[in-house]
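# Coordinate analysis (summary)
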Amino acid sequence: MTAYDYDVLYLGAGHGAFDGAPLLAQAGKKVAFVEKEKVGGTCPNWGCNAKVILENAVSLQRELRASNGIVSGSGDIDWTKNMARKKEIIAIFPNAIQGGMEELGIKFYFGAGHLKDAHTVTIGDQTVTAENIVIATGMHSNRLDIPGAEYLHDSKDFLSLDQAPDKMVIIGAGYIGLETASMMNAAGADVTVILRSDRALPEFNQRYSDALVQTLEKQGITFVKNSQTESVEQVTSGFAVKTSTGTYEADYVMDATGRTPNTADLGLEDLGIEFDKAGIAVNEYLQTAVPNIYATGDVVKKDQPKLTPTATFESQYVAKRLLGQDDKAINYPAIGTTVFTTPRLAQAGVTLDEAAAHPDQYDVVEKDVMDDWYRMVDYEKEGHLSLIYDKEKHLVGAIEISEHAEDIINALLPAIEFAYTPAQLSRLVTIFPTIGYSAIGDLL
């Protein structure tokens, strides 16, 4: 039997790795990470954690101003102080994660890992071997290939921006583009969002994404649709973004045109591991074309949302599989997703578009969230919820736009995942008055 340095070696130390690694280490397996940036990967360092800390100030501002003088104050956001608070909190994560892993006996190698063969990885002039390898290298921000691309910033840059710009142009209207626009608008910036098509957030039903855009427009954000970005030039006043529909000036220009899987320079081609611009191809067990090499997280080519909870679920699945605790194909649960704008947009399960395409299988119930008195407690003004049921009256999907959409979808997830019947739902006596009580009440 071949003696390897490790039982399991992870390329990357983000959620696709560190959520499953402790299960292996606690079972006595020798485990190591290879990480070329920061331990924790995108989410803790320059992704969702950083974003939600910064966005908290926006939520506070909205509620204060919506109180119509009940709580006095301007609600102006000091972006520099907000960013300093974010940096203070975020700085905790890499060392905390690394320390927790090392206490379990897990080893860290820092540098770019390269697959030499099915069991061997090189990191600079070091070579390590492992019985199994898990590729969890995540994604990076896309960069437009246009003249002046050197003037563009990505989400990682923005989430460390100490001074809020006066005028900002954002190219792209996905999650990152709209969340950034919402935050910067609240911080007092003049924000323009450039869309290459006529709609934002293609992952969501258009009626809902259009409703969100309309609300953001009322808040003062400008949306330019069906516009191709052609170049960025430095001018006296800052930068000029030239597009097919006109030129837009800004102090800060952000490229939010998407994210690209980190597959370059891993040695995938030499091992016959299939991949393309959508990520690494895996089978129903998350194995690549090389059976002892797995892939998890955002680097994987898949239909499921590329989110932190998805990576966590995959990481733990692979760990259990390697321990012989799960020999079945991965069975994804209902995965909730939200856009952290003001208001929020969130969904889970069967989508409205899927329901519309299969009216023989699904029924849709529409709800005006303002029919519930509790929504007025923290000054909500508008919102809508669509509930998707199968023909046996099980809730199978939901989508909401409101100030609390993410909390509502979280509250509904158990009903979606475990197919609660109306009788079972009526057994849930939730705390009153809360938003969770309202969420379950909408189902009865």
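Residues numbered from 1 in each chain as written. Predicted model: local features only at pLDDT ≥ 70, side-chain atom pairs only at ≥ 80, totals over all residues. Heavy atoms only, no water.

## Concerning the overall build of the chain
Broken down by element type, the chain carries 15 helices and 23 strands. Its C-alpha radius of gyration of 23 Å places the chain within 12% of the 22 Å reference for a compact globule of 444 residues. Taken over 444 residues, the chain has a buried fraction of 51%. Relative to all contacts within the chain whose residues are 6 or more apart in sequence, the contacts with residues 24 or more apart total 63%. Counting only carbon and sulfur atoms, one obtains 50% of the accessible surface of the chain, whose full area is about 20,400 Å². Charge centroids of the chain, computed over 37 positive and 62 negative side chains, lie 2 Å from each other. (Helix = DSSP H or I, 4+ residues; strand = E, 2+ residues; numbered from the N terminus. Rg over C-alpha atoms; globule rule 2.2 N^0.38 Å. Buried < 20%, exposed > 50% of the residue type's maximum accessible area, 1.4 Å probe, protein only. Contact = heavy atoms within 4.5 Å. Areas by Shrake-Rupley, 256 points an atom, 1.4 Å probe, with all protein chains shown as cover. Lys, Arg positive; Asp, Glu negative; His and termini not counted. Charge placed at Lys NZ, Arg CZ, Asp CG, Glu CD.)

## Examining the UniProt feature "domain: FAD/NAD(P)-binding" (unreviewed entry) in the chain
Under the feature "domain: FAD/NAD(P)-binding" (unreviewed entry), the UniProt entry names residues 6–312. End C-alpha atoms of residues 6–312 are separated by 22 Å, and the span's content is 31% helix alongside 27% strand. (UniProt positions renumbered as here; feature names shortened; annotations may be inferred.)

## Section: the sheet that holds strand E23 (residues 395–402)
Read from one edge to the other, the open sheet built from 5 strands follows the order E19-E20-E23-E22-E21, with strand pairing classed as antiparallel. Both outer strands of the open sheet, strand E19 (337–339) and strand E21 (362–368), are each paired with one neighbouring strand and no more. Taken over all neighbouring pairs, the strand axes of this sheet differ in orientation by 10° on average, direction set aside. By the bridge criterion, 7 bridges tie E21 to strand E22 (residues 384–390) in an arrangement that is antiparallel. Residue tyrosine 362 lies in a different strand from E22, and its bridge partner there is aspartate 390. (Pairing = 2+ DSSP bridges. Axes fitted to C-alpha atoms, helices over the stretch in contact; angles between N-to-C directions.)

## Here's the deal with the sheet that holds strand E14 (residues 252–255)
Strand pairing in a sheet is mediated by backbone hydrogen bonds. Such pairs are either parallel or antiparallel. On the basis of which strands lie adjacent, the open sheet formed by 4 strands has the order E10-E9-E8-E14 and parallel pairing. Since the sheet does not close on itself, it has two edges, and those belong to strand E10 (222–224) and E14, each with one partner. Along the sheet, successive strands turn relative to each other by an average axial angle of 20°, direction set aside. Relative to E10, strand E9 (residues 190–194) runs parallel, the two being bridged by 3 bridges.

## Quick look at the UniProt feature "domain: Pyridine nucleotide-disulphide oxidoreductase dimerisation" (unreviewed entry) in the chain
Residues given the UniProt feature "domain: Pyridine nucleotide-disulphide oxidoreductase dimerisation" (unreviewed entry) here are residues 337–435. Secondary structure across residues 337–435 divides into 25% helix and 31% strand, with the first and last C-alpha atoms of the span separated by 18 Å.

## Structural notes on the nonpolar core
Trp79, Phe158, Val193, Leu201 and Leu345 are the most contacted members of the largest nonpolar core, which totals 48 residues. Counting residues per element, this core draws most heavily on helix H8 (residues 175–186), at 6 residues. Apart from residues lying up to four places away in sequence, leucine 345 is in contact with Leu201, Phe204, Tyr208, Ser209, Leu212, Thr337, Thr338, Val339, Ile399, Glu400, Ile401 and Ala405. Of all hydrophobic cores here, the second largest spans 26 residues; its members include Ala25, Val31, Tyr317 and Leu322. (Core = buried A, V, L, I, M, F, W, Y, C linked by side-chain atoms within 4.5 Å.)

## Description of the state of the cysteines
A covalent bond between the sulfur atoms of two cysteines is referred to as a disulfide. One pass over the structure, following the stated rule, counts 1 disulfide. Between the sulfur atoms of cysteine 43 and its disulfide mate cysteine 48 the distance is 1.9 Å. With the S-S dihedral at roughly -130°, the linkage between cysteine 43 and cysteine 48 falls on the left-handed side. (Disulfide = S-S within 2.5 Å.)

## Details of the packing of aromatic side chains
Tallying each qualifying case throughout the model produces 11 aromatic pairs. Note on tyrosine 10 and phenylalanine 33: the rings are 5.4 Å apart at their centroids and 35° apart in plane angle, and the pair reads as tilted. In this pair, tyrosine 10 is assigned in strand E1 (residues 6–11) and phenylalanine 33 in strand E2 (residues 31–35), connecting sequence segments 23 residues apart. Judged by its relative accessible area of 1%, tyrosine 10 is buried. For the pair phenylalanine 33 and phenylalanine 108, a centre-to-centre distance of 5.0 Å together with 40° between the ring planes defines the contact as tilted. Taken together, the positions of phenylalanine 33 in strand E2 and phenylalanine 108 in strand E3 (residues 107–110) put the pair 75 residues apart, joining distant regions of the chain. The same class applies to phenylalanine 33 and to phenylalanine 108, which are both buried. Positioned above the aromatic ring of tyrosine 6 is the side chain of lysine 30, whose terminal nitrogen or guanidinium carbon lies 5.6 Å from the ring centre. Cation over ring: lysine 156 sits above tryptophan 46, and NZ or CZ is 4.1 Å from the ring centre. (Phe/Tyr/Trp six-rings, centres within 6.5 Å; stacked < 30°, edge-to-face > 60°. Lys NZ or Arg CZ within 6 Å of the ring centre and 35° of its normal.)

## Observations concerning the pattern of salt bridges
Oppositely charged side chains can form a pair if their charged atoms are brought close together. What the rule picks out here adds up to 16 salt bridges. Notably, a salt bridge pairs arginine 62 with glutamate 403, separated by 3.1 Å at the nearest N-O pair. Here the residue arginine 62 occupies a position in helix H4 (residues 48–66), and glutamate 403 occupies one in the loop between E23 and helix H13 (405–418), the gap between them amounting to 341 residues. One exposure class covers both arginine 62 and glutamate 403, and it is buried. Of the charged contacts in the structure, one is a salt bridge between lysine 302 and glutamate 314, with a shortest N-O distance of 2.9 Å. Note that lysine 302 is positioned in the loop between strand E18 (293–295) and helix H11 (308–322) and glutamate 314 in helix H11, a separation of 12 residues in sequence. Overlapping salt bridges bring together Glu55, Arg344 and Glu406 as one network. (Salt bridge = Lys/Arg side-chain N within 4 Å of Asp/Glu carboxyl O.)

## A short note on the packing of H4 against H8
Direction vectors running N to C along H4 and H8 enclose 50°, while the axes themselves pass 10 Å from each other. One finds that H4 runs oblique with respect to H8. Where H4 crosses over H8, the two elements pack in a sense that is left-handed. Between H4 and H8, the contacting residues are Lys51, Leu54, Glu55, Val58 and Gln61 on the first element and Glu179, Met183 and Ala186 on the second. Tallied by class, residues from the contact of H4 with H8 come to 4 nonpolar, 1 polar and 3 charged. (Parallel < 35°, antiparallel > 145°, perpendicular 65-115°, else oblique. Left-handed = near helix turned anticlockwise from the far one by under 90°. Nonpolar A, V, L, I, M, F, W, Y, C, P; charged D, E, K, R; others polar.)

## Thoughts on the environment of serine 74
Within the secondary structure, serine 74 sits in the loop between H4 and helix H5 (79–90). A relative accessible area of 45% places serine 74 in the partly exposed class. If near-sequence neighbours (up to four positions away) are discounted, serine 74 is found in contact with Leu64 and Arg65. A polar atom in the side chain of serine 74 sits 3.2 Å from the backbone nitrogen of aspartate 76. (Polar contact = N/O pair within 3.5 Å; in protein donor to acceptor, adjacent residues only side chain to side chain.)

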